Amino acid sequence: MKGLTHKFLYLVAGLIVLVLAVLAALQIWSAELTRFTFVPTGPIEAVAPLPKNAYAKADMWVSRPGLADDPAQYLPASAVRGGRGGRGARGKAYVFFVHPTSFLARNHWNAPLDDADAGYRARTFVQGMASPFNNAAGLFAPRYRQAAVGSFLVNQPETQRALDFAYADVLMAFDAFIAQIPADAPIILVGHSQGTIHVLRLLRERIKSAALAPRVAAVYAVGWPISPAHDLPALGLAACAAPDQAGCVMSWMSFADPAEPGMLMVTYRAQPGFDGKPRGEAPVLCTNPLTGGGSPAAPASANLGTLIPSRDLSSAALTAQLVPARCDAKTGLLMIGEPPQVGQYVIPGNNYHIYDFPLFWANVRADAARREAAWFVARKAAAAKAP
């Protein structure tokens, strides 16, 4: 694990800077040049369904229980395994995590499963973003034939087709996940960026109308905008409004002052909501990770720990009380004040997209534990009221 940790830290720059180059291009270069550079060439290829039992194989998972050298089991310096405060046993919930886009090439609209670069970046993202949830009873993160990053730069039928192909893999992985965990265990769903797109679709098409809905302890749909009016009602779950609330959605997008969301919001608002209606100019969903949604603002003193790498990237540690958070009433962006010095991979416009989870690493970890505990309390109360 030490070797994996060092490898992760040393290679963060090389892996993430490529993604940032794409996003920075949206701010710096012309739209035409950006599309020419990153949009896949040629017609979209049909992606054949995976074999029926594909996710029974260990090599189809970036992370799952029993997997050797599991990147999601990473812990920064000063963090410890166990319950709240590092004490007690692991939790009883099971986590399904869908990683963000890691395929940057333009030779395919969907990532081949054997693409080494995309796989390596996926491991990095899982290690940095899924690790707050590794105190769960089990954490699963599938490999999937994700839509290429360039597919998000054009409004063409190929974009939705690429997402459809990717979602088919995610759905198969989710069903394999459900089959492998206890039938009465609580579930926590986590996604970031493209991963959130697929998690939201799972909620609408697989979970909302099934017996699975009552098992959802929490959803962390981070790094992608959600309309409270036109998207949230279709999910079947409310936004988290209290830190001890179960069965709710947490969502945020982190920006420092002054925020310039630019093309992100233009692209989001150009698409209809899940109800088929225009999303309009209303603020996006924002649930403050420092308060569990209980308040829109919290000072830095409420931050239990931000993940900060050392100067030489040979280690990482949690620094408490470094970053505040405030949901902006006009835009719904999560504002973190003056740009914090957490690393050099900030997207132009003061967009801390890559840091959505690391900024609040310890708070997210504690939040997941509270949601699980609240789920068991709610289930007990429901059972007591049953005839």
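Everything numeric in this text was worked out from a predicted model, so none of it was measured.

Draft legend 1. A look at the environment of Val95. As for its placement among the helices and strands, Val95 is situated in strand S2 (residues 94–98). Among the residues examined, Val95 registers a relative accessible area of 1% and is labelled buried. The sequence separation of Val95 and Ala217 amounts to 122 residues, and the corresponding C-alpha distance is 9.9 Å.

Draft legend 2. Region of interest: the packing of aromatic side chains. Counting across every chain of the model gives 12 aromatic pairs. It is Lys92 that lies over the ring of Phe376; its NZ or CZ is 5.8 Å from the centre. Arg204 extends its terminal NZ or CZ atom over the ring of Phe274, reaching a point 3.9 Å from the ring centre.

Draft legend 3. Highlighting the side chain of His99. If you trace the backbone, His99 turns up in the loop between S2 and helix H3 (116–129). Each residue touching His99, except ones within four places of it in the same chain, is listed here: Val62, Ala122, Val126, Pro142, Tyr144, Gln146, His192 and Gly195.

Draft legend 4. Region of interest: the sheet that holds S2. Spatial ordering of the open sheet is given by S1-S3-S2-S4-S5-S7-S6, a layout of 7 strands whose pairing is mixed. Each of the sheet's edge strands pairs with one partner strand only, and the pair in question is strand S1 (61–63) and strand S6 (238–239). Sheet topology places S2 next to strand S4 (residues 187–192); 5 bridges connect them, and they run parallel. Bridge assignment links Val95 to a residue of S4, and that residue is Ile188. Helix-sheet contacts for helix H4 (residues 157–180) involve S1, S2, strand S3 (138–142) and S4, and the interaxial angle to S2 is about 170°.

Draft legend 5. Just the pairing of strand S5 (residues 216–222), in detail. Within S5, 7 of the 7 residues are buried, leaving the element largely enclosed by the surrounding structure. The parallel pair S4 and S5 is bridged by helix H5 (residues 194–207), and the resulting crossover is right-handed. Of the pairings in the sheet, the one linking S5 to strand S7 (residues 248–250) comprises 3 bridges and is parallel in character. Residue Ala218 lies in a different strand from S7, and its bridge partner there is Cys248.

Draft legend 6. Representation of the nonpolar core. Residues Phe133, Tyr220, Trp252 and Phe360 are the most contacted members of the largest nonpolar core, which totals 44 residues. Among the elements of the structure, S2, H3, S3, S4, S5, S7, strand S12 (325–327) and helix H7 (361–385) are those that each provide at least two residues to this core. The greatest single-element share of this core, amounting to 4 residues, is contributed by S5. Not counting the four nearest positions on each side in its chain, Trp252 is found in contact with Tyr220, Ala221, Val222, Gly223, Thr287, Pro289, Leu334, Asp356, Phe357, Phe360 and Val364. Judged by nonpolar contacts, the second largest core, of 37 residues, contains Val170, Ala176, Ile187 and Ile207.

Draft legend 7. Spotlight on the confidence of the model for the protein. Per-residue confidence for the protein averages 87 on the pLDDT scale, and 86% of its residues sit at or above 70. Confidence drops under pLDDT 50 across residues 1–17; counting only partners more than four residues distant or on other chains, this segment forms 35 contacts. In this model residues 83–87 is a low-confidence stretch, pLDDT under 50, and it forms 10 contacts with partners more than four residues away in sequence or in other chains.

Draft legend 8. Structural detail: the sheet that holds strand S9 (residues 297–298). Strand order in this open sheet of 4 strands is S8-S13-S12-S9, and the pairing throughout is mixed. The open sheet terminates on both sides in strands that have one partner only, identified here as strand S8 (254–255) and S9. In this sheet, strand S13 (residues 334–335) lies alongside S12 in antiparallel orientation, the contact comprising 2 bridges. The residue of S13 that forms the bridge with Cys327 is Leu334.

Draft legend 9. Seen up close, the state of the cysteines. This structure, assessed with the given rule, holds 2 disulfides. Each disulfide pairs two cysteine sulfurs, and for Cys240 the partner residue is Cys248, the sulfurs being separated by 2.1 Å. Handedness of the Cys240-Cys248 disulfide follows from its S-S torsion of about 90°: it is right-handed. Two residues share a disulfide in this structure: Cys286 and Cys327, whose sulfurs sit 2.1 Å from each other. Looking along the S-S bond of the Cys286-Cys327 disulfide, the torsion reads about -75°, which is the left-handed sense. Placement of the pair is Cys286 in the loop between helix H6 (263–270) and S9 and Cys327 in strand S12, with a sequence separation of 41 residues. Here the two residues Cys286 and Cys327 agree in accessibility, since each one is buried. Numbered by order of appearance in the sequence, the disulfide-linked cysteines of the protein pair as 1-2, 3-4.

Criteria and cut-off values
Residues numbered from 1 in each chain as written. Predicted model: local features only at pLDDT ≥ 70, side-chain atom pairs only at ≥ 80, totals over all residues. Heavy atoms only, no water. Helix = DSSP H or I, 4+ residues; strand = E, 2+ residues; numbered from the N terminus. Buried < 20%, exposed > 50% of the residue type's maximum accessible area, 1.4 Å probe, protein only. Phe/Tyr/Trp six-rings, centres within 6.5 Å; stacked < 30°, edge-to-face > 60°. Lys NZ or Arg CZ within 6 Å of the ring centre and 35° of its normal. Contact = heavy atoms within 4.5 Å. Pairing = 2+ DSSP bridges. Axes fitted to C-alpha atoms, helices over the stretch in contact; angles between N-to-C directions. Right-handed = clockwise from strand over helix to strand, strands pointing away. Core = buried A, V, L, I, M, F, W, Y, C linked by side-chain atoms within 4.5 Å. pLDDT = per-residue confidence, 0-100. Disulfide = S-S within 2.5 Å.

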